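What follows is the residue order along each chain.
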Amino acid sequence: EYSSYLGHVFAAPELSDEDCIPSYKCDIYSFGIMMYSILIQYIPKNLKEIDLKKFNLYYIHHFLNYILLTNINPDKRPMASEIINYFKENSMYFD
């Protein structure tokens, strides 16, 4: 049962639907929120508090936007392997 997580910012939006069957895509969303929180050193209370304009660096802005905002639909969220590839392709930024 996921009702204890509903409304918490780390929970994927689709978990608020009682017919939702949780999948790894929920974890991808939570990973994006966690990354955002680590980078700005603040845990947002809801999606409206997420401001990607705080990131001047394109690769971070693009990455978080890809996971969090443009992909509210879980079917469009990246797979973990795609996230790993993203970091590999942009490794010069993360050394």
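Quick caveat: nothing in here was measured; it's all calculated off a predicted structure.

> Residues and numbers for unusual backbone geometry, please.
Of note in the backbone geometry, Q41 takes a positive phi value of approximately 60° without being a glycine. On the accessibility criterion, Q41 (73% relative accessible area) is exposed.

> I'd like a description of the side chain of R77, backed by residues and values.
Residue position: R77 is located in the loop between α2 (58–69) and α3 (80–89). Classification of R77 by relative accessible area gives buried; the value is 2%. Looking at R77, its side chain comes within polar contact range of the side chain of E14, at 2.8 Å.

> I'd like to hear about the side chain of K25, residue by residue, with values.
Secondary-structure assignment places K25 in helix α1 (residues 24–40). For the buried K25, which has no salt bridge, the nearest side chain bearing the opposite charge is E82, at an N-O separation of 5.1 Å. If near-sequence neighbours (up to four positions away) are discounted, K25 is found in contact with E14, P74, D75, R77, P78 and M79.

> How would you sum up the confidence of the model for the chain? Please name residues and give values.
Averaged over every residue, the pLDDT of the chain is 76; the share at 70 or more is 79%. When mean pLDDT is compared element by element in the chain, α1 scores highest at 84, while helix α4 (residues 91–94) scores lowest at 57. Low pLDDT, under 50, characterises residues 1–6; the predicted model gives this stretch 5 contacts beyond four residues in sequence or across chains.

Rules and cut-offs
Within each chain, residues carry numbers counting from 1 in the order of the written sequence. In keeping with the model being predicted, local features are shown solely for residues with a pLDDT of at least 70 and side-chain atom pairs are shown and tallied solely at 80 or more, while totals for entire chains, interfaces and linings include all residues. Just so you know, side-chain values use all the structure's heavy atoms and leave hydrogens and water out. Each residue's exposure class comes from its accessible area (1.4 Å probe, protein chains only) as a fraction of the maximum for that residue type: buried when under 20%, exposed when over 50%, partly exposed otherwise. Under the scheme used here, helices are H or I runs from DSSP no shorter than 4 residues and strands are E runs no shorter than 2 residues, and both carry numbers assigned from the N terminus. Under this definition, polar contacts are N or O atom pairs within 3.5 Å; protein pairs additionally need one hydrogen-donor-capable and one acceptor-capable atom, and for neighbouring residues in sequence, both atoms have to be side-chain atoms. We treat Lys and Arg as the positive residues and Asp and Glu as the negative residues; His and chain ends play no part in the count. Salt bridge criterion: a side-chain nitrogen from Lys or Arg within 4 Å of a carboxyl oxygen from Asp or Glu. Pairs of residues are marked as contacts when any of their non-hydrogen atoms sit within 4.5 Å. Known as pLDDT, the predictor's per-residue confidence is scaled from 0 to 100.

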